[in-house]
Amino acid sequence: MVSEKYDPKGIEGKWQQLWAEQNVFKALEDSPKPKYFCLCMFPYPSGNIHMGHMRNYSIGDLISRYKRMRGFNVLQPMGWDSFGLPAENAAIQRNIHPRDWTLQNIAQMKVELKSMGIGYDWDREVTTCLPEYYRWEQLLFTKFLEKGLAYKKTGQVNWCPKCETVLANEQVQEGACWRCDSSVTVKELSQWYLKITAYAEPLLSDHGQLQKKWPQRVLDMQKHWIGESRGGKIQFQVDGSSEKIEVFTTRPDTLLGVTFVTIAAAHPLAEKLCKAPQSLEELEKIKVAVALRRPDEETTEKKGFFTGSYAIHPITGEKIPVWVGDFVVMEYGTGAVMAVPAHDQRDFEFATLYKLPIKQVIVPKGEKAKDTLKEAYTGSGELIQSGGFNGLDNEVAKETILKELEKKQCGVSTIQYRLRDWGVSRQRFWGAPIPIIYCESCGTVPVPEKDLPVELPMDITFLGKQGNPLEHHPTFSKTNCPKCQKPARRETDTMDTFVESSWYYARYTDPKCSTGPFAKSKADYWLPVDYYVGGVEHACMHLLYSRFFHKILRDWGYLSGDEPFTRLLTQGMVIKDGAKMSKSKGNVVTPSSILDRFGADTARLFSLFAAPPEKDLDWNEKGVEGCHRFLQRLWRLFYPHQSVLSEPRANEKEINFSEKCLVLRRKTHWMIQKMTEDIESEKFNVAISAAMELVNELYSALTDNDKFFFSQDGKWTLQEAMESLLLCLAPFAPHITEDLWHEMGHKTLMVLASWPHFRPELLAESKFTLVIQVNGKVRDRVEVSKDMSKEEIQKLVLGMEKLKPFIEGKALKQFVYVPERIANVVVV
RNA sequence: GCCUGGAUGGCGGAACUGGUAGACGCGUUGGACUCAAAAUCCAAUACUCGCAAGGGUGUGAGAGUUCGAUUCUCUCUCUAGGCACCA
């Protein structure tokens, strides 16, 4: 017997246990149903579940449960992105091994997740800090090396003095470390890189497959991040030397407007070209200034100097001066630009400052060159002062000129990307060791597969400074060369944690595989992920790296398909009092406190109701209470009628429904339709409101006449409404609905029930509310029959008393009638 | 500066392909129940003029298209996120 009071604590644990005992969330590959892989971005095990997690997983579980009810074989796994800095910080502060700290946190968070009643297949749990996971990542790294897609490069890297670690460009935000916010400095280090740039083109072009299924802004952000520029590389011979300066330009059409060449201070030829007096000192000054420049620094006046050397224009053969400019960066393109001051604003400013010639070569069609330019003209037009190219449309000229240069073998059309290779070395302990051995005779040798994994040692001391403790470990770095067996040194750098999260989704398809990262058959069955939910902050890093790995794994034959995630939902942050919840702001509300007070169903319902999923959610205690109140209302709708509701349903055909029942049944089927559509279109907050409307309507029916539900048709109507409500709310509030479902007499678990079908014929009405306007302003409304013709409607409307003051004495200009909606009388 | 979103009551948010603006929830007010309170139930709730009937105004601002615009077009303001000497 159901108790009078809704007691979430009493029912939630009970059903969670039953679901677990009956293994309802276990995903197997031998189902006749179509597969559905629903995935939420896995958490970093920081200690406790926070509101962002709760929102994320409520969305994922809603989709998973909904799809299961729609007849899909659903896989929803959970795991732990468990390498990372906080574990090392904890190790330093508390003298505990990062592994122990991490595993404790995982245990704690798992308890919290379970108390939320999320339907995970826990048999597929993946923990990235365990050797059974990272050994495969190490294997993949050796494949990268073998395929020439991993390489070592010495260069300037971002160095965080506090974390004592290298940061990827992507991890530097406004000159500060993305995690600890310290100012980032520059340091020379030898680093491992993965050649993501080799996949720039497919990463960009496969966006076509994601259109409409991923948020447009994520696609846009990735597109800018990859930053494709089409243009050409053009060589300028250095006058009196065999050296060539290669420039990259997107505007080969302006080639005849080149009046000088500007190179970066870090350009390899810079020193050689500095022939003018004092030019070497100038070079040094600019080098230092550029090196100290912060990424977020505002651009001031451009600085530069003439080197004393000249280059030969590839078309005209003219001698043009070579300058060094601080605005030319070595990292992009070729580190040298052809300066066209008339058609590039930066070149224009530079030329104006140093009084260099400005030559116009493009003018709007039919116009002539201006006497003086106030700024660069970057628009389109036709070529002038360009010899044989005169009169050409500049878009056409781009190709024509490049072709001419190709003939002369001093130019080629290319595509330049902004994307840079992915530096994966970290001078950190708590990460997957890079499986490399340095041998004095054999050089850089990958650890053979049979020796994997390279495991992290347990006996380790954390100082909190002096970089990676692995370097100070007595034996870790000491090993023998796999090739020649001589003593050799093991790499002590570990991998960026983004490497783990780049392929974890695939590991879920075969999480215990001990012969490889996963079996291809399993991956082919489950992948791609059908629905991926997580924060938009991962738009450019995690989501790009995962796409890169997926293409790599496809090309190496590990799996099939071009893209890892078919559909992406980026959920907003959880905000309180106008700011993101954070410890420093002291505005944190923990999910566990909400679970204790209101239960999991309320917490989940509120997470889904308070805002559309992609928008920020403002945490509001009163709103939580409102959701709790709704569930209580649902409970109380059931309780007084439990004897009626638990009776077996009669045959619908034998019931003669009163008008009142038909109205209620219409609302029931309207709700089913509305909720189905709204869930499909990710408007979860609106879906919930439809259920609330039906509950309100049922309450009203009861207030009118409390004996209503004892009549045959009333009872049937209530049973149908209640059953539909429970089924539709099941993905939002699974415990209370499961409980009431069983109270209604069902013997099987609701989790496994089918989603209800709405009956269109019950939604049909013979009447509708006609809105009557005069000159576009609403003046009245009237109930009319659907089978009235336009003429009949017009006659009815024009004869209406209420309209008289607005139309009398005026001429009817037009009568607009939109069937079943609106009638507009236009008078003048 | 550039790119992409967004702007609707006191608040969170609804609104089909251009067709009743404000669903649903919160809050507020009033009522019922109660000795009383809480809880619950019912009702009202954009602003404004009016005793009322009824009228006027209203979706960031301004224009435009239309019988009719929160929705489409243009200009602008504010705001969030992303990018930035990218050749």
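> I'd like a description of the overall build of chain A, backed by residues and values.
Counting its regular elements, chain A contains 27 helices and 34 strands. Summarising its shape, the C-alpha atoms of chain A cover approximately 105 × 90 × 50 Å along the three principal directions. Across the 828 residues that make up chain A, the buried fraction comes to 54%. Across chain A, contacts joining residues at least 24 apart in sequence account for 72% of those joining residues at least 6 apart.

> Break down the side chain of D713 for me, with residues and values.
Mapping D713 onto the fold places it in helix α23 (residues 712-729). Summary of buried charges: D713 has no salt-bridge partner, and the nearest side chain of opposite charge, R665, is 9.4 Å away. Of the polar contacts made by the side chain of D713, one reaches the side chain of S711; its length is 2.9 Å. With near-sequence residues (within four places) excluded, D713 lies in contact with I655, N656, F657, S658 and C661.

> Provide a residue-level description of the nonpolar core, including the pertinent values.
In summary, soluble globular proteins display a tendency toward joint burial of nonpolar side chains. Residues W619, M675, F684, L725 and F732 are the most contacted members of the largest nonpolar core, which totals 97 residues. The dominant element in this core, judged by the number of residues it contributes, is helix α22 (residues 684-704), at 12 residues. Not counting residues within four places of it along the chain, the set of residues in contact with F732 comprises L62, D601, R604, L605, L608, M675, I679, F684, A687 and I688. Grouped together as the second largest cluster of nonpolar side chains are 88 residues, F37, A90, I226 and F429 included.

> Pulling in residues and values, what's your account of the protein's contact with RNA strand B?
Around RNA strand B, the structure places 54 residues, and the nearest of them are T250, R293, Y332, R346 and N824. For RNA strand B, the backbone portion of the atoms within 4 Å of the protein, that is sugar and phosphate, comes to 67%. Contact distances for RNA strand B include 3.1 Å between a sugar or linking oxygen and a side-chain N or O atom of T249. Within the backbone of V329, a nitrogen or oxygen atom sits 2.6 Å from a base nitrogen of RNA strand B. Mapped onto the surface near RNA strand B, the elements with two or more residues apiece are α8 (216-226), β11 (244-249), α19 (621-638), α22, β31 (767-774), β32 (777-785), β33 (812-818) and β34 (822-827). Sort the elements by how many residues they give to the surface near RNA strand B and α22 lands first, with 7 residues. Class assignment for the residues of the surface near RNA strand B results in 21 nonpolar, 13 polar and 20 charged.

> Would you mind going over the pattern of salt bridges in detail, with residue names and values included?
Under the criterion given, the structure shown has 43 salt bridges. D530 is the salt-bridge partner of K35, the closest N and O atoms lying 2.7 Å from each other. Linking K35 in strand β1 (residues 35-40) with D530 in the loop between α15 (520-526) and β26 (531-535), this pair joins segments that are 495 residues apart in sequence. Classification of D530 by relative accessible area gives buried; the value is 17%. Salt-bridge contacts for D524 lead to K520; the nearest nitrogen and oxygen are separated by 2.9 Å. Taken as a pair, D524 and K520 lie in helix α15 at a separation of 4 residues, close to a single helical turn. One continuous salt-bridge network, built from bridges that share partners, spans E652, R665, E720, R759 and E761.

> Tell me about the packing of aromatic side chains, and please be specific about residues and values.
Tallied over the full model, the rule gives 36 aromatic pairs. For the pair Y66 and W755, a centre-to-centre distance of 4.8 Å together with 85° between the ring planes defines the contact as edge-to-face. Remark: W755 occurs in the loop between α24 (734-743) and α25 (760-763) and Y66 occurs in helix α2 (residues 51-69); sequence separation between them is 689 residues. Considered together, Y66 and W755 belong to a single accessibility category, that of buried residues.

> Which residues make up the sheet that holds strand β21 (residues 436-439), and what values do they have?
Strand pairs in the sheet, formed through backbone hydrogen bonds, run parallel or antiparallel to each other. The 4 strands are arranged β22-β21-β24-β23 in an open sheet whose pairing can be described as antiparallel. The open sheet has two edge strands, β22 (443-446) and β23 (478-480), and neither has a second partner. Between one strand axis and the next, the sheet turns by 40° as a mean value, whatever way the strands run. Two elements, β23 and strand β24 (residues 487-490), share 3 bridges in a ladder whose sense is antiparallel. Among the inter-strand pairings, K478 is bridged to a residue of β24, identified as R489.

> Provide a residue-level description of the sheet that holds β1, including the pertinent values.
The strand order across the open sheet built from 4 strands is β2-β1-β26-β27, with neighbouring strands paired in parallel fashion. Two strands close off the open sheet at either side, each with one partner strand: β2 (73-75) and β27 (568-571). Strand after strand, the sheet turns through a mean of 15° between neighbouring axes, direction not considered. As defined by bridge partners, β1 adjoins β2 across 3 bridges and the pair is classed as parallel. Each bridged residue has a counterpart across the sheet, and for F37 the counterpart in β2 is L75. Those strands touched by α2 are β1, β2, β26 and β27, and its axis lies near 175° from that of β1.

> A description of the environment of F260 should follow, citing residues and the corresponding values.
Mapped onto the elements of the fold, F260 is located in strand β12 (residues 260-263). With 456 residues separating them along the chain, F260 and W716 place their C-alpha atoms 87 Å apart. Residues in contact with F260, not counting those within four places in the same chain, are I320, P321, W323, M338, A339, P341, D347, F350, A351 and L356.

> If you had to explain the state of the cysteines to someone new, which residues and values would you point to?
A complete count under the given rule lists 0 disulfides for this structure. Left unpaired, C439 is separated from the closest cysteine sulfur, that of C484, by 3.6 Å. Of the cysteine sulfurs around C442, a residue in no disulfide, the closest is that of C484, at 3.7 Å.

> Give me the environment of Y36: which residues, what numbers.
For Y36, the location among the structural elements is in strand β1. Judged by relative accessible area, which is 7%, Y36 ranks as buried. Between the C-alpha atoms of Y36 and W526, which are 490 residues apart in sequence, the distance is 7.3 Å. Setting aside its immediate chain neighbours within four residues, Y36 contacts I63, K67, F72, N73, V74, L75, W526, D530 and Y531.

> Can you break down the packing of α23 against α24 residue by residue, with the values?
Between α23 and α24, the shortest axis-to-axis distance is 9 Å and the interhelical angle comes to 150°. The interaxial crossing formed by α23 with α24 has left-handed handedness. Seen from α23, the contacting residues are E723, L726, L727 and L729; seen from α24, they are T737, L740 and W741. Looking at the contact of α23 with α24 residue by residue, the classes come out as 5 nonpolar, 1 polar and 1 charged.

> Quick rundown of helix α10 (residues 279-292)? Include the residues and the values.
Along its 14 residues, α10 runs 20 Å from first to last C-alpha, staying within 8% of the 20 Å computed at 1.5 Å per residue. For α10, the set of buried residues is S279, L283 and I286. Viewed end-on, α10 has its buried residues packed into an arc of 70°, placing them on one side of the element. In α10, the exposed positions that point more than 90 degrees away from the buried face belong to K285 and L292.

The rules we used
- Residues numbered from 1 in each chain as written.
- Chains lettered and ligands numbered in written order.
- Predicted model: local features only at pLDDT ≥ 70, side-chain atom pairs only at ≥ 80, totals over all residues.
- Heavy atoms only, no water.
- Helix = DSSP H or I, 4+ residues; strand = E, 2+ residues; numbered from the N terminus.
- Buried < 20%, exposed > 50% of the residue type's maximum accessible area, 1.4 Å probe, protein only.
- Contact = heavy atoms within 4.5 Å.
- Lys, Arg positive; Asp, Glu negative; His and termini not counted.
- Salt bridge = Lys/Arg side-chain N within 4 Å of Asp/Glu carboxyl O.
- Polar contact = N/O pair within 3.5 Å; in protein donor to acceptor, adjacent residues only side chain to side chain.
- Core = buried A, V, L, I, M, F, W, Y, C linked by side-chain atoms within 4.5 Å.
- Near = heavy atom within 4 Å.
- Nonpolar A, V, L, I, M, F, W, Y, C, P; charged D, E, K, R; others polar.
- Phe/Tyr/Trp six-rings, centres within 6.5 Å; stacked < 30°, edge-to-face > 60°.
- Pairing = 2+ DSSP bridges.
- Axes fitted to C-alpha atoms, helices over the stretch in contact; angles between N-to-C directions.
- Disulfide = S-S within 2.5 Å.
- Left-handed = near helix turned anticlockwise from the far one by under 90°.
- Expected span 1.5 Å × (residues − 1).
- Arc of directions from axis to C-beta.

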